[in-house]
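Survey of secondary and tertiary structure
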Amino acid sequence: MAVPARTCGASRPGPERTARSWPSCGPQPGPGAQCPASGPGLPLSLLLPSLLLLPLLAAPGASAYSFPQQHTMQHWARRLEQEVDGVMRIFGGVQQLREIYKDNRNLFEVQENEPQKLVEKVAGDIESLLDRKVQALKRLADAAENFQKAHRWQDNIKEEDIMYYDAKADAELDDPESEDVERGSKASTLRLDFIEDPNFKNKVNYSYTAVQIPTDIYKGSTVILNELNWTEALENVFIENRRQDPTLLWQVFGSATGVTRYYPATPWRAPKKIDLYDVRRRPWYIQGASSPKDMVIIVDVSGSVSGLTLKLMKTSVCEMLDTLSDDDYVNVASFNEKAQPVSCFTHLVQANVRNKKVFKEAVQGMVAKGTTGYKAGFEYAFDQLQNSNITRANCNKMIMMFTDGGEDRVQDVFEKYNWPNRTVRVFTFSVGQHNYDVTPLQWMACANKGYYFEIPSIGAIRINTQEYLDVLGRPMVLAGKEAKQVQWTNVYEDALGLGLVVTGTLPVFNLTQDGPGEKKNQLILGVMGIDVALNDIKKLTPNYTLGANGYVFAIDLNGYVLLHPNLKPQTTNFREPVTLDFLDAELEDENKEEIRRSMIDGNKGHKQIRTLVKSLDERYIDEVIRNYTWVPIRSTNYSLGLVLPPYSTFYLQANLSDQILQVKLPISKLKDFEFLLPSSFESEGHVFIAPREYCKDLNASDNNTEFLKNFIELMEKVTPDSKQCNNFLLHNLILDTGITQQLVERVWRDQDLNTYSLLAVFAATDGGITRVFPNKAAEDWTENPEPFNASFYRRSLDNYGYVFKPPHQDTLLRPLELENDTVGILVSTAVELSLGGRTLRPAVVGVKLDLEAWAEKFKVLASNRTHQDQPQKCGPSSHCEMDCEVNNEDLLCVLIDDGGFLVLSNQNQQWDQVGRFFSEVDANLMLALYNNSFYSRKESYDYQAVCAPQPPGNLGAAPRGVFVPTIADFLNLAWWTSAAAWSLFQQLLYGLIYHSWFQADPAEAEGSPETRESSCVMKQTQYYFGSVNASYNAIIDCGNCSRLFHAQRLTNTNLLFVVAEKPLCSQCEAGRLLQTETHSDGPEQCELVQRPRYRRGPHICFDYNATEDTSDCGRGASFPPSLSVLVSLQLLLLLGLPPRPQPQVHTHASRRF
């Protein structure tokens, strides 16, 4: 049905817009006819009768040109399809490459990937690897318990009595403000020599252990010196373990006193600012020291809580949250007369990184007012713990109360909720300097199997918010051998630079007794740990035999990935584990949820699913078929999965035995090796080789030319059957070198690429060869030399037909580049072989189109030319349809790929926008395509992104607010003896010793000094072809600015052909679709916790033992400051003399071993 359009260059009169008729509007054109704003047109079969009426329905007085009819545009589409297919048949060489493979059938074998056997073998290999670490762990834990039991406590021990390597010694010597430099106490520190070890990515000494002691713990205290004394004997056990298993990495003993002894010795990686590393806050220590926890934190926000005390409470809560891992559940509430949650979480939630962030931000908003109501706070906490309708840890249950003091013991609440069984432990924290009677707080803790702590100032927060773990460890110690079970952690970043690791942990118990017939000691000595680098586990998995899109992955009981090709954290923060859920590593769907649940439950399984996958460059979405196979890894909490596309069931394995028997000389003498030499590139095309580990002695390089040079030099020395080389990789590389050379010989060399406006032709193979012809085209080749990491390669395998890939949207195309023919569009397709009934895709071939020349060709193919003559012109009296060549001022014609990116346009001014998301080119039209189901949208979140550093705030560790007294306070003698003055002086003293209290956030201080960026969440949006697969007409209804458009998929390609009227005005600007990554807070956490993902906690729980002695429950007291002490401190401040740090005083019972 013809539709009138404006004459070239003329404006379109308003009344004629309503006179349009369109197939989807029915045969009643006229002023009353209205087309829908969007929606599918009539199917082609229903439109055909109406097409006969086209000439009759043109409005009287219409201009000479009309919008192209549907059959015309379909004709253009067929011409485009035929042109692309013809070029690919001539230059792609798909059929010829198939024949080459068949002609060389004697040089390779077809092997099968059997998923079940593969995954079971890999799981078994991982189990064996981890089991060797388990045996070493057990030897260490047993030895530690025996050494400590035999140790004799020394009250008069001195620093000079102990010789050890202080891992922070060198850094402290370089720091003139260090307390040890000031004291000059380095007599007991060894000075060691180190050698570089690539396995540790560090300089190490294998003859000694190293010791790290947290900055806020006094090294000269009796407890620490005794700890150093007995743990020295572990050195020989560490060394013997390494002798038995040379693959062992860090062996570490983390003591409950805060001392870390690790082997081999290496200098500590101290940050520029204060080092706040404490082993007791590491993920592996927390997991090994206690069973999972259900914790409710309640905070007193009554009016009696002064500004400074409230800040101490906020910091304490944040530090307490940092002692929780993903196996724990928590909620935080504030209370005065009433209790209420501080955040949107109304019940216990998993203590993962994102939930803890919500709590930390919410805690900062707490305001003190009203009166203290312990009853309201405790009733709220018990109700939370009794809620059985939610997911929780179901092990240790506890309430942590922070308050400045009170008189009510709320015994009636405990009688109602917790007695007589006392299944909930109560820990109370007296915060700030005050003169209140703390007896009620002590009683609450002691009556409920908990502990009472005092936090008078900032210096006591870190110690006293983590020592509750000692109490939770009592049932584990009393359980004895039953609790001596190795646990494997989540993935986390090693503090000593090893990269991503998992750690096997084993608790170490105190086996001493105070005297004959006395009760067994209940203290946990610490946790023993041995690291396993993820790279060592990856080495046990097959890679190149699985093809470009096959992979192995593993998850833990939380559903977090241990192995996955998408596990790529961009920043390192060793304070938190790396927790990427399997459903976030991939695009989530119901099938994957089912697979994840089965793996967490420890089942075996196999399932073929149709699913969505992101392209490697994260610009595209493909709907693919994948086979998932999974098995549990015995003796661990992990489960292993294998993912294979159907076309990767089989793979090629080169069989060069005949050549190898004939050539006992170096590999460089093998047939076909000559085609890897740069001297052959001019005639045979440039060869890029994948930077794989072909041989152990091969020097890696990011420059492929240099890597090829290193490879050739090594091949001059090694023989084909050399033990130092991977024969599979090496032989397949040489096989594919010869096969791609034959493609040059049979197809490419005799063709004139310029005739068809081609910049290059290329072939890439599973064996690691990428051959680009002619040689000069390699100068502009920007694809990854590793085919398995090249987006075009992986997408071609997953899609039938020809896959177009325009330049990346960030590439700014300038006219000069177009004139020099440097900008091209890749078109690629997979080569599918069928050998003896076995189907596989071992290679991808393609061409690189000259953008400018093909843009001109595109206009001709989408025109009314019948042959290579001049464009058809319309006379004043004749009527004809617009086309993409003659009428490019009125008609927009584009090719858009399946991701929504512009590939070709008939508008010259849009050529430099090729590769951009089409919404940036024509937002109105792209929105119409999306609304009419040509495109679907997938939104997801990248939890491993990197963002620019945020301005420092007061979240996380310690708010820097300090109480500032008024002049009246200074003039008032009573103020100088008050708790406020005492607290202020403590902060000033602490600031003199640890300057970062006034300057930097501890989280920043602990980070790498080189790292200025921080991890963040980015929202990703990708578009892909929707449900519409036929020719389609629609109108973008916008009154006088309405636009007609036609869209049709091009068969056997990933292209959409769109013809539309150019917009005449901008009043119809609709919402713009976005495709670029945007910064995000992620999904709404308050909603996510209402539908938590399936997980399981550890299989064992130690939260109760009938023989536990709960009499040690804290016996602190709040002492008013002495006037003489205050005066002395003030004099010290005036003189600028920092006081000598004293041994840390804890309210906890002393650790006498």
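Residues numbered from 1 in each chain as written. Predicted model: local features only at pLDDT ≥ 70, side-chain atom pairs only at ≥ 80, totals over all residues. Heavy atoms only, no water.

Quick word on the side chain of Thr-770
To keep things clear, this is the line we draw: Secondary structure is summarised from DSSP: a helix means a run of H or I of at least four residues, a strand means a run of E of at least two, and numbering begins at the N terminus for each. The buried label applies to any residue whose accessible area, calculated with a 1.4 Å probe on protein chains only, is under 20% of its type's maximum; exposed applies above 50%, and partly exposed to all values in between. Residue contacts are defined here by distance: any two heavy atoms, one from each residue, within 4.5 Å place the two residues in contact.
Of note, Thr-770 is situated in strand S28 (residues 769-773). Judged by relative accessible area, Thr-770 falls into the buried class, the value being 2%. When near neighbours in sequence (up to four residues on either side) are disregarded, Thr-770 contacts His-686, Val-687, Phe-688, Ala-763, Ala-764, Trp-781, Pro-785 and Pro-787.

Description of the confidence of the model for the protein
Residues shown with low pLDDT carry predicted positions that ought not to be read at fine detail. Counted only if it meets this: Values of pLDDT, which run from 0 to 100, indicate the predictor's confidence residue by residue.
Per-residue confidence for the protein averages 83 on the pLDDT scale, and 79% of its residues sit at or above 70. Taken together, the stretch residues 1-63 has pLDDT below 50 and engages in 111 contacts with residues farther than four places along the chain or on a different chain. Across residues 1117-1153, where pLDDT falls below 50, the model places 75 contacts with residues more than four positions away in sequence or in other chains.

Observations regarding the sheet that holds strand S31 (residues 838-850)
The condition that has to hold: A pair of strands is considered paired only if DSSP assigns at least 2 bridges between the two. To obtain an axis, a line is fitted to C-alpha atoms, over the contacting stretch when the element is a helix, and the angle between two such axes runs from 0 to 180 degrees between their N-to-C directions.
The antiparallel open sheet is built from six strands, whose spatial order is S26-S28-S27-S31-S30-S29. The sheet terminates laterally at strand S26 (686-689) and strand S29 (803-805), the two strands that pair on one side only. Direction aside, neighbouring strands of the sheet carry axes that sit 20° apart on average. When strand S27 (residues 758-765) meets S28, the two strands line up antiparallel, connected through four bridges. Within S28, the position partnered with Ala-764 by the bridge is Thr-770. Here helix H25 (residues 727-748) sits on the sheet and contacts S26, S27, S28 and S31; the angle it forms with S28, its principal contact strand, is near 20°. Seen against the sheet, helix H26 (residues 791-798) touches S27, S29, strand S30 (824-835) and S31 and runs at an angle of roughly 125° to S31.

Some words on the packing of helix H3 (residues 70-92) against H25
Formally: Oblique is the label for any angle not covered by the other classes, which are roughly parallel (under 35 degrees), roughly antiparallel (over 145) and roughly perpendicular (65 to 115). Charged residues are taken to be Asp, Glu, Lys and Arg, nonpolar residues to be Ala, Val, Leu, Ile, Met, Phe, Trp, Tyr, Cys and Pro, and polar residues to be all remaining types, Gly included.
Across the interface, H3 lies against H25 with an axial gap of 9 Å and an inter-helix angle of 120°. Of the possible angle classes, the one that applies to H3 and H25 is oblique. Within the contact between the two elements, H3 uses Ile-90, Phe-91 and Gly-92 and H25 uses Leu-743, Val-747 and Trp-748. For the contact of H3 with H25, the class distribution of residues is five nonpolar, one polar and no charged.

Description of helix H28 (residues 851-861)
Spacing of three or four residues puts side chains on the same side of an α-helix, whose turn is 3.6 residues. Which entries qualify depends on this criterion: Pairing of N or O atoms within 3.5 Å defines a polar contact, subject to two protein rules: one partner must be a possible hydrogen donor and the other a possible acceptor, and residues neighboring in sequence count only if both atoms are side-chain atoms.
Within H28, eight of the 11 residues are buried, leaving the element largely enclosed by the surrounding structure. Those residues of H28 that sit buried are Leu-851, Trp-854, Ala-855, Lys-857, Phe-858, Lys-859, Val-860 and Leu-861. The N-capping residue of H28, defined by a side-chain oxygen 3.2 Å from the backbone nitrogen of Glu-852, is Asp-850.

Examining unusual backbone geometry
Look at the link from Tyr-263 to Pro-264: it is a cis peptide, with omega at -5°. Relative to the helices and strands, Pro-264 is located in the loop between strand S8 (260-263) and helix H10 (283-289). One non-glycine residue with positive phi stands out, namely Asn-394, at about 55°. For Asn-394, the position within the fold is in the loop between helix H13 (374-386) and strand S13 (396-403). Classification of Asn-394 by relative accessible area gives partly exposed; the value is 48%.

Points about the state of the cysteines
Definition in use: We call a pair of cysteine sulfur atoms a disulfide when they lie within 2.5 Å.
Under the criterion given, the structure shown has five disulfides. One disulfide bridge connects Cys-344 with Cys-1086, the sulfur atoms lying 1.6 Å from each other. The sign of the S-S torsion, about -80°, decides the handedness of the disulfide formed by Cys-344 and Cys-1086: left-handed. Of this pair, Cys-344 sits in the loop between strand S11 (339-341) and strand S12 (349-350) while Cys-1086 sits in helix H35 (residues 1085-1088), and the two are 742 residues apart along the sequence. Two residues, Cys-884 and Cys-893, share a disulfide whose sulfurs are 1.9 Å apart. Disulfide Cys-884-Cys-893: torsion about the S-S bond near -85°, hence left-handed. Overall, the relative accessible area of 0% leaves Cys-884 in the buried class.

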